[in-house]
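Notes for the structure review
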Amino acid sequence: MPGAGVAGEHGAAWERILSRVRSYKDLEPELLGRVEELIDFVTT
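What you see is a predicted model; the values in this text were computed from it and never measured.

**Describing the environment of Thr44**
For Thr44, the position within the fold is in the segment after helix H2 (29-43). Polar side-chain contacts of Thr44 include one of 3.3 Å to the backbone oxygen of Phe41.

**Looking at the pattern of salt bridges**
Opposite charge on two side chains permits pairing when their charged atoms draw close. Following the criterion strictly, the structure yields 1 salt bridge and no others. For Arg34, the salt bridge is made with Glu37, and the minimal N-O distance between the two is 2.8 Å. Of the two residues, Arg34 and Glu37 both sit in helix H2, 3 residues apart, roughly one turn of that helix. Residue classification places Arg34 among the exposed residues on the basis of a relative accessible area of 55%.

About the thresholds
Residues numbered from 1 in each chain as written. Predicted model: local features only at pLDDT ≥ 70, side-chain atom pairs only at ≥ 80, totals over all residues. Heavy atoms only, no water. Helix = DSSP H or I, 4+ residues; strand = E, 2+ residues; numbered from the N terminus. Polar contact = N/O pair within 3.5 Å; in protein donor to acceptor, adjacent residues only side chain to side chain. Salt bridge = Lys/Arg side-chain N within 4 Å of Asp/Glu carboxyl O. Buried < 20%, exposed > 50% of the residue type's maximum accessible area, 1.4 Å probe, protein only.

This is the structure in structure tokens:
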């Protein structure tokens, strides 16, 4: 199935991120702004 590896890679990346981030305070300020933009984009 084309693209199946990409989904698996994204899943693994999210697992690594979620295992290291407990709150927004764990993010660098530059990244926090980008995360907020992403949240706004996907929720509108």
